[in-house]
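A closer look at the structure
Single-letter residue listing:
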Amino acid sequence: MIDIVLLTLLLVVAIAIIRMKDLFAVVMLSGIYGLLSASFFVAMDAVDVAFTEAAVGAGISTLLMLVVITMTGRNENTTRHKPFPALVLVVITGSLLIYGTLDMPYFGSADAPVHSHVAPRYINDSMQEIGIPNIVTSILASYRAFDTFGELVVIFTAGIGVLALLSSVRRPIDGDKIVCINYSMHEQHLVVRIVTKMLIPFILLFALYVQFHGDFGPGGGFQAGVIFAAAIILYAMLFGLSTARIVINQPFIQLIAATGVLLYGSVGLVSLLNGGNFFDYNFLSNDPLSGQHLGILLIELGVGCTVASVMIIIFFNFADYRERQQSHENEQNQESS
Amino acid sequence: MLIGLFNNWIVVMLMMIGLYIVIAHGNLIKKIIGLTLFQTSVFIFYISMAKVVGGTAPILADDIIQYSNPLPHVLILTAIVVGIATIALALSLVIRIKAAYGSIEEEDIQRQDNQIKADKKERKQA
């Protein structure tokens, strides 16, 4: 019942996104869309996925898009090209897809083909072979560790791409330090600043909890990395980018991003060197079960490091580019006047 | 059949709304959001396929007999994270396009590109 309500709400939000022209409202609606999807995933028993979607889809994605629309403009152009051909194409494709779904198994049926072959083996055998309660973590980190390695490298590549597109060599200016100590952009937001300063340690602690308890409940490296990055980004938003740059050293963060990927790959290489396959954790220690636990711990640590650093890198580069753009405009205005 | 296939039909509708936004809207940020809509509808498709009526979350506990299928959950976890990576890269490309062309409307960018091409042709002929 609740999933029907949530899906209908999702449809309403999606139609509202089409109709609105104010990009700020559209980005906020996409954040709501992410939150509704996360609630839907909880209703579907996909707790790990809901965690990740709430952190990533409703949190980081909305934040990054808001930073971008401060630079690119808030309103969409009012004239659009003729929507009729697009509408026809979409209706035809949609009706063909719906015709395709008529053969599919009904929602929730236990004898659907997806529940045969590999999934019962994971559910039944993962306790003896790996020994951790969270089946999703054991599939992600052990049975399908190679796919997760590819995913980690994709995130790392996105971080490199953002660095390549948006970063520039900064000359450290002495004025920076003096500016940030004397001037806090949000002096009037006293309540927010004080509450945030109290909350940030707890957010970081929660991120570490999610990282290390991913074996026993929903959680793991990705969710923990995003929550950790969210705490740092919160600090940067409230106390200014220059203050945050003193607290969080940028080259150090870039080093951590690369170290995470290196750690993950090294675990696979050590298994190779010990005589097993790539990412075969049974060979990491004397008995297979503790080898699996060690392997999962190390790779989740690698994932957490890289995801947190890449999210921080992306946010800092977006915000830095905006600051540079604004200071260029201020210089041009001063020159012309 | 309506209740049994309701999830799939909603997924198809969300997917088509996302596709429509990508095709019919000129603003690049709106297109990226349309792509996000499309992506999330595929996630909903996989996750509702994984649900088993009477099952619970796939975390092993002593007194539970029926679990929902954990394999699509793993695939979608990867997909969500890869999705945010591509969105971040797409957004940084939009920032650079804005700096280069002065606008993120598809028609303005197209017009400026055609203008550059026409100027090049004129200069070659002259």
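See above for the structure.
Residues numbered from 1 in each chain as written. Chains lettered and ligands numbered in written order. Predicted model: local features only at pLDDT ≥ 70, side-chain atom pairs only at ≥ 80, totals over all residues. Heavy atoms only, no water.

1. Description of the overall build of chain B
The line we're drawing: Numbering of helices and strands starts at the N terminus; helices are DSSP runs of H or I of at least 4 residues and strands are runs of E of at least 2. With the radius of gyration taken over C-alpha atoms, the globule rule is written as 2.2 Å times the number of residues to the power 0.38. Exposed residues in this analysis have more than 50% of their type's maximum accessible area, buried residues have under 20%, and partly exposed residues fall in between, with area computed by a 1.4 Å probe over protein chains only. Note on definitions: a residue-residue contact is assigned when non-hydrogen atoms from the two residues lie within 4.5 Å. The method behind every accessible area is Shrake-Rupley, applied with a 1.4 Å probe, and residues are considered shielded solely by the protein chains displayed. Positive residues here are Lys and Arg, negative ones are Asp and Glu, while His and the chain termini are left out of the count. Charged groups are reduced to one reference atom each: NZ for lysine, CZ for arginine, CG for aspartic acid, CD for glutamic acid.
Scanning chain B from N- to C-terminus turns up four helices and zero strands. Mapped from its N terminus to its C terminus, chain B presents α and β elements in the order α-α-α-α. In terms of overall size, chain B is more extended than a compact globule, its C-alpha atoms giving a radius of gyration of 22 Å where 126 residues would be expected to give roughly 14 Å. Counting only C-alpha atoms, chain B reaches 85 × 30 × 20 Å along its principal axes. Buried residues in chain B amount to 55% of all 126 residues. Excluding contacts between residues fewer than 6 apart, the proportion of contacts in chain B whose partners are at least 24 apart in sequence is 44%. Accessible surface, chain B: about 5600 Å² in total, of which carbon and sulfur atoms supply 62%. For chain B, the centre of its 11 positive side-chain charges and the centre of its 9 negative side-chain charges are spaced 10 Å apart.

2. With respect to the nonpolar core
One recurring pattern in soluble globular proteins is that nonpolar side chains are buried together. Counted only if it meets this: Buried Ala, Val, Leu, Ile, Met, Phe, Trp, Tyr and Cys residues form a nonpolar core when they are joined through side-chain atoms within 4.5 Å.
A:Phe41, A:Phe318, B:Ile29 and B:Leu91 are the most contacted members of the largest nonpolar core, which has 118 residues in total. Here this core gets 14 residues from one element, more than from any other, and that element is helix H13 (residues 288–336) of chain A. Not counting residues within four places of it along the chain, the set of residues in contact with A:Phe318 comprises A:Leu64, A:Val67, A:Val68, A:Met71, A:Val162, A:Leu166, B:Ala88, B:Leu91, B:Ser92 and B:Ile95.

3. Side note on helix H2 (residues 28–50) of chain B
Keep this limit in mind: One less than the residue count of a helix, multiplied by 1.5 Å, gives the span that helix is expected to have. We call two N or O atoms a polar contact when they sit within 3.5 Å, provided that within protein one can donate a hydrogen and the other can accept it, with sequence-adjacent residues counted only if both atoms are side-chain atoms.
With 23 residues, H2(B) should reach 33 Å at 1.5 Å per residue; the first-to-last C-alpha distance of 34 Å fits that figure. Looking at where H2(B) begins, the residue whose side-chain oxygen comes 3.0 Å from the main-chain nitrogen of B:Ile29 is B:Asn27.

4. What to know about a nonpolar patch on the surface
Inclusion rule: Grouping into patches uses exposed residues only, defined as over 30% relative accessible area, and leaves out salt-bridged ones; the cut-off is 9 Å for like charges and 5 Å for nonpolar side chains (Val, Leu, Ile, Met, Phe, Trp, Tyr). Here a salt bridge means any side-chain nitrogen of Lys or Arg lying within 4 Å of a carboxyl oxygen belonging to Asp or Glu.
Where nonpolar side chains cluster on the molecular surface, the patch consists of A:Leu190, A:Val191, A:Val192, A:Ile194, A:Val195, A:Met198 and A:Leu199 and spans about 640 Å² of accessible area. By the secondary structure assignment, A:Leu199 is in helix H9 (residues 190–212).

5. Quick word on the interface of chain B and chain A
Here is the rule: Throughout, buried area stands for the accessible area (probe radius 1.4 Å) lost by two parts on being put together, summed over both.
On the chain A side, the residues contacting the 78 residues of chain B number 93 residues. The contact between chain B and chain A buries some 7800 Å² in all, and 78% of this surface belongs to carbon and sulfur atoms. The tally of links between chain B and chain A comes to one salt bridge. We note a salt bridge from B:Lys51 to A:Asp45, for which the minimum N-O separation is 2.9 Å. Here chain B and chain A share 15 residue pairs in polar contact (both at pLDDT 80 or more) between them. Elements with a contribution of two residues or more to the side of chain B that touches chain A: helix H1 (2–24), H2, helix H3 (71–101) and helix H4 (106–125) of chain B.

6. Observations regarding helix H4 (residues 84–101) of chain A
Residue pairs spaced three or four apart in an α-helix point in one direction, given the helix's 3.6 residues per turn. Rules: This arc describes the spread of directions from the helix axis toward the C-beta atoms.
With 18 residues, H4(A) extends 26 Å between its outermost C-alpha atoms, agreeing within 8% with the 26 Å of an ideal straight helix rising 1.5 Å per residue. Every buried residue of H4(A) is accounted for by A:Ala86, A:Val90, A:Gly94 and A:Thr101. In a view along the axis of H4(A), the buried residues occupy a sector of 60°, so they form one face of it. In H4(A), the exposed positions angled more than 90 degrees off the buried face are occupied by A:Phe84, A:Pro85, A:Val91, A:Leu96 and A:Tyr99. Contacts made by the buried residues of H4(A) are with H1 of chain B.

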